[in-house]
Amino acid sequence: MHLATLATSYRVDLPAWIGDELADVPDVIPDRTERMRLVHRLAARNFREGNGGPFAALVAETATGRIVSVGVNVVLGSNVSSGHAEVTALGLAQTALGSWDLGGEGMPSHELVVNWRPCIQCYGATMWSGVRTLVVAGEGPELEAITTFDEGPLTSDWAAEFEARGIEVVQDVLRDEALAVFRDYRAMVDAGGALVYNARSGENAVEATAAR
């Protein structure tokens, strides 16, 4: 086997339209609700642009509201299945700060703001990122029921596991607004204008999702 036949790197980039969306956004957003409002705004545009699902996230300094990074789901745009909004936002924050640990010594506390409870992949990514707070618009079966995405077998004590590791979980921040974005996405899916890109498909996957 020759190295030349193998991919030796990959990259995940934010879409170009992010610059337009952030042009009127201040560097500091002190109010947590307003930070979530920005996340919803990015999520609502993301699926319409064809980058991926209706998901967005940001990392901010908890005390000040300084925005460190934003992320959107870029699975379709990048052809990388791990290119979820949380993973993208966390990776970009770690790159910007030059540290794999967003809760490292001498750093301010950081929070991840995302428009629903993380999927099984992003659950682990968030837990190991060093953020001290996770802010979600909501949790529950509505996301899967509306969008038909399979979020994976996350257990009912998911929030307690974060808390046990010193990561505060703040829930139900602009929950109705999150559901409105998901419904708009579903309407676009039903009209044939968006792709639900679950890697698993077929009867068994449908039955597993329905059983949760």
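Preceding this paragraph is the structure being described.
Residues numbered from 1 in each chain as written. Predicted model: local features only at pLDDT ≥ 70, side-chain atom pairs only at ≥ 80, totals over all residues. Heavy atoms only, no water.

Q: I would appreciate a short explanation of the overall build of the protein chain in the present structure.
A: The helix and strand inventory of the protein chain stands at nine helices and five strands. Helices (α) and strands (β) of the protein chain occur, in sequence order from the N terminus, as α-α-β-β-α-α-β-α-β-α-α-β-α-α. In terms of C-alpha radius of gyration, the protein chain reaches 17 Å, essentially the compact-globule figure of 17 Å for 212 residues. Judged by the C-alpha coordinates and their principal axes, the protein chain covers about 50 × 50 × 35 Å. In the protein chain, buried positions account for 46% of the 212 residues. Counted over contacts in the protein chain with a minimum sequence separation of 6, partners at least 24 positions apart contribute 69%. (Helix = DSSP H or I, 4+ residues; strand = E, 2+ residues; numbered from the N terminus. Rg over C-alpha atoms; globule rule 2.2 N^0.38 Å. Buried < 20%, exposed > 50% of the residue type's maximum accessible area, 1.4 Å probe, protein only. Contact = heavy atoms within 4.5 Å.)

Q: Just to check I follow, could you spell out the side chain of Asn51 for this structure?
A: Mapping Asn51 onto the fold places it in the loop between helix 2 (32-49) and strand 1 (56-61). At 2.7 Å, the side chain of Asn51 and the side chain of Trp17 are in polar contact. In contact with Asn51, not counting residues within four places along its chain, are Pro15, Trp17, Asn46, Asn73, Val74, Val75, Leu76 and Gly77. (Polar contact = N/O pair within 3.5 Å; in protein donor to acceptor, adjacent residues only side chain to side chain.)

Q: Help me out: how do you make sense of helix 5 (residues 120-127) in this one?
A: In an α-helix, one full turn covers 3.6 residues, which means residues spaced three or four apart are oriented alike. Those residues of helix 5 that fall on the buried side of the exposure criterion are Cys122, Tyr123, Thr126 and Met127. End-on, the buried residues of helix 5 take up no more than an arc of 135°, which puts them together on one face. Buried residues in helix 5 make contact with helix 4 (85-97), strand 3 (110-114), strand 4 (133-136) and helix 7 (158-164). (Arc of directions from axis to C-beta.)

Q: Could you clarify how one ought to interpret the sheet that holds strand 2 (residues 67-72) in this entry?
A: In a beta sheet, neighbouring strands pair by backbone hydrogen bonds and run either parallel or antiparallel. With mixed pairing, five strands are arranged side by side in an open sheet as 2-1-3-4-5. Strands with a single pairing partner mark the edges of an open sheet, and in this sheet they are strand 2 and strand 5 (168-170). For this sheet, the mean angle separating the axes of adjacent strands, direction not counted, is 15°. Along the sheet, helix 2 makes contact with strand 1, strand 2, strand 3, strand 4 and strand 5, crossing strand 1 at roughly 150°. Where helix 4 meets the sheet, it contacts strand 1, strand 2 and strand 3, and its direction lies at approximately 145° from that of strand 2. (Pairing = 2+ DSSP bridges. Axes fitted to C-alpha atoms, helices over the stretch in contact; angles between N-to-C directions.)

Q: Would you mind showing me how to read the pattern of salt bridges here?
A: Between side chains of opposite charge, a pair can form when the charged atoms approach closely. Evaluated as defined, the whole model comprises 14 salt bridges. Between Arg35 and Glu111 there is a salt bridge, with its nearest N and O atoms 2.9 Å apart. Of this pair, Arg35 sits in helix 2 while Glu111 sits in strand 3, and the two are 76 residues apart along the sequence. Both residues of the pair, Arg35 and Glu111, count as buried. By sharing partners, the salt bridges in this structure join Glu21, Asp24, Arg41, Arg45 and Glu49 into a single network. (Salt bridge = Lys/Arg side-chain N within 4 Å of Asp/Glu carboxyl O.)

Q: Teacher, can you tell me more about the packing of helix 4 against helix 5 here?
A: Working note: a packed helix pair is described by the angle between its axes plus the distance between those axes. Their axes nearest at 9 Å, the elements helix 4 and helix 5 cross at an angle of 20°. Viewed along their axes, helix 4 and helix 5 adopt a mutual orientation that is roughly parallel. Crossing of helix 4 against helix 5: the hand is left-handed. Every residue of helix 5 that contacts helix 4 at Glu86, Val87 and Leu90 is listed here: Gln121, Cys122, Ala125 and Thr126. When its residues are assigned to classes, the contact of helix 4 with helix 5 shows four nonpolar, two polar and one charged. (Parallel < 35°, antiparallel > 145°, perpendicular 65-115°, else oblique. Left-handed = near helix turned anticlockwise from the far one by under 90°. Nonpolar A, V, L, I, M, F, W, Y, C, P; charged D, E, K, R; others polar.)

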